[in-house]
Amino acid sequence: MMCLRAAFVAAGLIVIAGCTSKEVVGIHQISPLNTTTSSDADYYAKIEGRLKAIEENRKLTLSRLEQIQLAIDAAISERVEPILIVQPREKFVYFVTSDTEVEDKWIPLLKKHVNYLHSDKSIRVMVAGFTDNKGSAKANLKIGQERADNVCAKLVELGARKEQLTCVSYGESHPADPGNTDDASARNRRAEILY
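Quick caveat, the model's predicted, so the values are computed rather than measured.

The rules behind the values
- Residues numbered from 1 in each chain as written.
- Predicted model: local features only at pLDDT ≥ 70, side-chain atom pairs only at ≥ 80, totals over all residues.
- Heavy atoms only, no water.
- Pairing = 2+ DSSP bridges.
- Helix = DSSP H or I, 4+ residues; strand = E, 2+ residues; numbered from the N terminus.
- Axes fitted to C-alpha atoms, helices over the stretch in contact; angles between N-to-C directions.
- Contact = heavy atoms within 4.5 Å.
- Disulfide = S-S within 2.5 Å.
- Buried < 20%, exposed > 50% of the residue type's maximum accessible area, 1.4 Å probe, protein only.
- Core = buried A, V, L, I, M, F, W, Y, C linked by side-chain atoms within 4.5 Å.

Caption draft 1: The arrangement of the sheet that holds strand S3 (residues 92-94) in detail. Reading across the sheet, the four strands line up as S3-S6-S4-S5 and stay open at both edges, with mixed pairing between neighbours. The open sheet is flanked by S3 and strand S5 (165-171), the only strands paired with a single partner. Across the sheet, the mean angle separating the axes of adjacent strands is 20° when strand polarity is ignored. Here S3 pairs with strand S6 (residues 190-194) via three bridges, running antiparallel. Residue Tyr94 lies in a different strand from S6, and its bridge partner there is Arg190. Seen against the sheet, helix H4 (residues 107-119) touches S3, strand S4 (125-130), S5 and S6 and runs at an angle of roughly 150° to S3.

Here you go:
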């Protein structure tokens, strides 16, 4: 009986000793804010650090619309406008009789095609050279090829990739205007940019 009483007294002392540093509420123990030990302070600091990290990660998480907007901004800053660029409608470069050099007046048109080619690296284009019906068929094939090659060279000079270009000659075949007038001949001396 004496042992049992000593055990109750010892248990009571343990409970009283425990109550001096922590308040007992039901089964759970809660540390009062004003009596926090250094290990408790470390624990709360760790929790606070984790909460800050979670909040920072939330700031880094972007919505789908934000991701799309960032991609568009990045593309535009690289001078690539994949969503905004449409295929240029003007596709003809004209030449003076027997001339194969691309005149400077065609540069703005060619720049539009280069921008379009930049919008999607998988785009391929064929540049076809044509002539009027003056001269021999063999000479016209050669002139048509030089016209196509010079337009391709100008496109590359302006920034197009060679891999996207194919240059061919049709010479005097496939006239744009089958007439025999000077105007018809002028329309036939051309290079066409074909997608």
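Now that the structure is up, let's keep going.
Caption draft 2: Representation of the state of the cysteines in the model. One pass over the full model with this rule turns up one disulfide. A disulfide bridge connects Cys152 with Cys167, and the sulfur atoms are separated by 2.0 Å. Torsion about the S-S bond of the Cys152 and Cys167 cystine: about -130°, corresponding to left-handed handedness. A residue pair is termed long-range when its members are at least 10 positions apart, and Cys152 in helix H5 (residues 137-157) and Cys167 in strand S5 qualify at 15 residues. You can call Cys152 buried: its relative accessible area is 5%. The exposure class assigned to Cys167 is partly exposed, which follows from its relative accessible area of 24%.

Caption draft 3: Examining the nonpolar core more closely. Counting 20 residues, the largest nonpolar core has Val93, Val102, Leu110, Val127, Val151, Leu155 and Leu165 as the members making the most contacts within it. Counting residues per element, this core draws most heavily on H4, at five residues. What Leu165 contacts, discounting residues up to four positions off in sequence, is Leu117, Val125, Cys152, Leu155, Val156 and Ala160.

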